[in-house]
Amino acid sequence: MSILQMRAQYRGFLIRLALLTLLAVSVTSCARFSKYEYAEHVFALDEENELVISTFSSWFPETQTHIPFIFRSYKAPQSVYFQFYVRATGTVAGPNPNIESILVRNFSYEFPGQEPMVLMKAFTEGFWQQGQQAYDSEQLEPVLCYEGWYVLIKYDLILNGEVFQGEHKLPAQRVVKTYPLIYDALR
């Protein structure tokens, strides 16, 4: 075997080694996203409708740790916005064909020992999001959310001529998701 053939084989070996190293790093590297939220609750209203009260982060997550090509962690702020959604039973999203008329007389939350904070009243739609200009709620402050806390939510609405009222404690929870860093790079 000549020296040229040995150099060519060595270069091929180095290229394969580099590709395998790159593959190993991309497979083992990950991104972690953490946020706080109050647990979602579904209230059965009637046979055709249910009320879903949930929360979502009040702002975009910030990068906490970044090791290029190896690891990245994001953390959302510890405050949330509420979402109020009367949906057709058994569905996840979309318009509700079962609403003939709706009047949300009151939707509020309160922390233990504090006065209730009214988020909406006299609202005539089946979907509402806090912090969104389209729902005239952008002036409402985000709701603090720390692990171990809970919030009491209350609602009072008239749906298709029938009155529905309820309340429930929503516990705060930390949600952590880990995924391959390549997904983060492809976004």
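Undergrad: Describe unusual backbone geometry, naming the residues involved and giving the relevant values.
TA: The phi dihedral of alanine 122 is positive, around 55°, even though this residue is not glycine. Relative to the assigned elements, alanine 122 resides in the loop between β8 (117-120) and β9 (127-129). Its identity is not glycine, yet asparagine 160 carries a phi of approximately 50°, on the positive side. Within the fold, asparagine 160 resides in the loop between β11 (150-159) and β12 (162-180).

Undergrad: So what's going on with the pattern of salt bridges? Residues and values would help.
TA: Under the criterion given, the structure shown has four salt bridges. In this structure, arginine 105 engages aspartate 156 in a salt bridge whose closest nitrogen and oxygen atoms are separated by 2.9 Å. Of this pair, arginine 105 sits in strand β7 (residues 102-110) while aspartate 156 sits in strand β11, and the two are 51 residues apart along the sequence. For aspartate 156, a relative accessible area of 17% translates into the label buried. A salt bridge links lysine 154 to glutamate 110, with the nearest nitrogen and oxygen atoms 3.4 Å apart. Taken as a pair, lysine 154 in strand β11 and glutamate 110 in strand β7 lie far apart in primary sequence, 44 residues in all. Take lysine 154: its relative accessible area is 30%, and that puts it in the partly exposed class. Taking relative accessible area as the criterion, glutamate 110 reaches 16% and is therefore assigned buried.

Quick notes on the rules
- Residues numbered from 1 in each chain as written.
- Predicted model: local features only at pLDDT ≥ 70, side-chain atom pairs only at ≥ 80, totals over all residues.
- Heavy atoms only, no water.
- Helix = DSSP H or I, 4+ residues; strand = E, 2+ residues; numbered from the N terminus.
- Salt bridge = Lys/Arg side-chain N within 4 Å of Asp/Glu carboxyl O.
- Buried < 20%, exposed > 50% of the residue type's maximum accessible area, 1.4 Å probe, protein only.

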